Amino acid sequence: MFPRRPPFGLAAWLLVGAAATGRAGARGGGLLALLANQCRFVTGLRVRRAQQIAQLYGRLYSESSRRILLGRLWRRLRGRPGHASALMAALAGVFAWDEERIQEEELQRSIDEMKRLEEMSSMFRSSGVDHHPPEPKSQTERDEDSGGKDQPWEMVMDKKHFKLWRRPITGTPLYQYRVFGTYTDVTPRQFFNVQLDTEYRKKWDALVIKLEVIERDVVSGSEVLHWVTHFPYPMYSRDYVYVRRYSVDEENNVMVLVSRAVEHPSVPESPEFVRVRSYESQMVIRPHRSFDENGFDYLLTYSDNPQTVFPRYCVSWMVSSGMPDFLEKLHMATLKAKNMEIKVKDYISSKPLEVGSEAKATTPSSERKSEGSCGPARIEYA
């Protein structure tokens, strides 16, 4: 016969502790103190247990096998950010690149969207209508529309050099935004480099509090970045942890940059900022002639959830006005780099895999060190 389990659960234990505290003449904070101590004790036990499990798996499995196991565990815990961050930090800080790297298919989808928009724009111009339509849909997207999954694009701004659309994201109070624009006074290479150079952005974007590369992937050239930015008063500053990957196709005369939010064990959520966990951005650049001649078109598709308590129309107004403002600042920074010959990294000559092959996990300090070098193969005038 096994001894009968004592009838004391956590609630009963707390009641006994509260009664004992009351008999001892303690004040009302005694119960909260007991609860806090118990939570710290349990958390400490779980972290130590996770470390022991990590050491055991480290002895039993190779690094590749551990990454596969962690990737599967990560997928199961993604819906519970607090649990996932603590556990991944305990498990030796390994980032599951196999699950989170940006794939070739994601880059190609963005390029295909640009092609469809260009085809539709050409049709409108040939018919004498000077108007760029919203992004036309593929057959798959049309099938989804018939099921009511997607909403139509709505024109928000129609300016000389850019046009802005938005559409509701089904099941959320948020919008997805799309900008189609043209610049004729800077080269595609200059615009692309300035957008990617993290050190230069800290100088021209006054909203940036922190912007650092956390880790690079040697397989795809993807990078994980931590970006902290000011939000309009009285909102708290936001921080983003996201993976980005770019591709330069000189044969087809196109450049693409894709980014989306991820979780990284070395960047846990901070109480100082509001973590934005839903974020996607795709930019495609099509030179009018070549990468080094003035003139190009670009297509930017963007969505994020800033996690505000403001009504939907307020958030829409902030994004609709903030996006053109950011693009103009990016354009002016490109002009400044061009006219003042500010040195920025040449991401076209320096292929993604060349950058990624420097180190599998690159710290911010080593990134600044590499960007500070002025080797002719890595640095060019913007």
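Residues numbered from 1 in each chain as written. Predicted model: local features only at pLDDT ≥ 70, side-chain atom pairs only at ≥ 80, totals over all residues. Heavy atoms only, no water.

Per an unreviewed UniProt entry, the recorded name for the chain is StAR-related lipid transfer protein 7, mitochondrial, and the organism is Balaenoptera musculus. Here the chain is described in UniProt, under the heading Subcellular location (unreviewed entry), as follows: "Mitochondrion". Under Function (unreviewed entry), UniProt gives the following word-for-word description of the chain: "May play a protective role in mucosal tissues by preventing exaggerated allergic responses." (UniProt positions renumbered as here; feature names shortened; annotations may be inferred.)

*Asks:* Looking at this structure, how should I read the nonpolar core?
*Replies:* Looking at soluble globular proteins, one finds that nonpolar side chains tend to be buried together. Core analysis: the biggest nonpolar cluster contains 44 residues, and Val-179, Phe-192, Ile-285, Tyr-298, Met-323 and Leu-327 have the highest contact counts within it. In terms of residues, this core owes the most to one element, helix H10 (residues 312-340), which gives seven residues. Residues within four places of Ile-285 in sequence aside, it is in contact with Pro-188, Phe-191, Phe-192, Asn-253, Val-254, Met-255, Phe-296, Asp-297 and Tyr-298. Ile-102, Trp-153, Val-258 and Val-267 belong to the second-largest nonpolar core, a separate cluster that totals 21 residues. (Core = buried A, V, L, I, M, F, W, Y, C linked by side-chain atoms within 4.5 Å. Buried < 20%, exposed > 50% of the residue type's maximum accessible area, 1.4 Å probe, protein only. Helix = DSSP H or I, 4+ residues; strand = E, 2+ residues; numbered from the N terminus. Contact = heavy atoms within 4.5 Å.)

*Asks:* Mind showing me how you'd approach the side chain of Arg-201 here?
*Replies:* Here Arg-201 lies in helix H9 (residues 198-204). When sequence neighbours within four positions are dropped, the list of residues in contact with Arg-201 reads Val-208, Leu-211, Trp-227 and Phe-326.

*Asks:* What is the right way to read the side chain of Asp-346 from this model?
*Replies:* Tracing the sequence through the fold places Asp-346 in the loop between strand S11 (343-345) and helix H11 (352-356). The class for Asp-346 is buried, based on a relative accessible area of 1%. A polar contact is formed between the side chain of Asp-346 and the side chain of Arg-189, at a distance of 2.8 Å. (Polar contact = N/O pair within 3.5 Å; in protein donor to acceptor, adjacent residues only side chain to side chain.)

*Asks:* How should the environment of Leu-299 be read in this particular structure?
*Replies:* By secondary structure assignment, the location of Leu-299 is in strand S10 (residues 296-304). Placed 181 residues apart in sequence, Leu-299 and Glu-118 show a C-alpha to C-alpha distance of 9.9 Å. Non-local contacts of Leu-299, meaning those with residues more than four positions away in its chain, are made with Glu-113, Met-114, Leu-117, Arg-178, Val-179, Phe-180, Gln-282, Met-283 and Val-284.

*Asks:* Explanation requested: unusual backbone geometry in the structure shown.
*Replies:* Geometrically, the link from Tyr-233 to Pro-234 is a cis peptide bond, its omega value of 10° lying close to zero. Here Pro-234 is to be found in the loop between strand S5 (223-229) and strand S6 (238-249). Although it is not a glycine, Asn-253 sits at a positive phi angle of roughly 60°. Looking at the element boundaries, Asn-253 is found in the loop between S6 and strand S7 (254-261).

*Asks:* Sorry if this is basic, but what is going on with the pattern of salt bridges here?
*Replies:* Pairing of side chains with opposite charge becomes possible as their charged atoms draw close. The final tally for this structure, using the stated rule, is 22 salt bridges. Of the charged contacts, one joins Glu-104 and Arg-245 as a salt bridge, the two residues approaching to 2.6 Å between their closest N and O atoms. With Glu-104 in helix H6 (residues 104-126) and Arg-245 in strand S6, this residue pair connects regions lying 141 residues apart in the sequence. Among the residues examined, Glu-104 registers a relative accessible area of 47% and is labelled partly exposed. Note that Arg-289 and Glu-293 form a salt bridge whose closest N and O atoms lie 3.2 Å from each other. Judged by relative accessible area, Glu-293 falls into the partly exposed class, the value being 36%. (Salt bridge = Lys/Arg side-chain N within 4 Å of Asp/Glu carboxyl O.)

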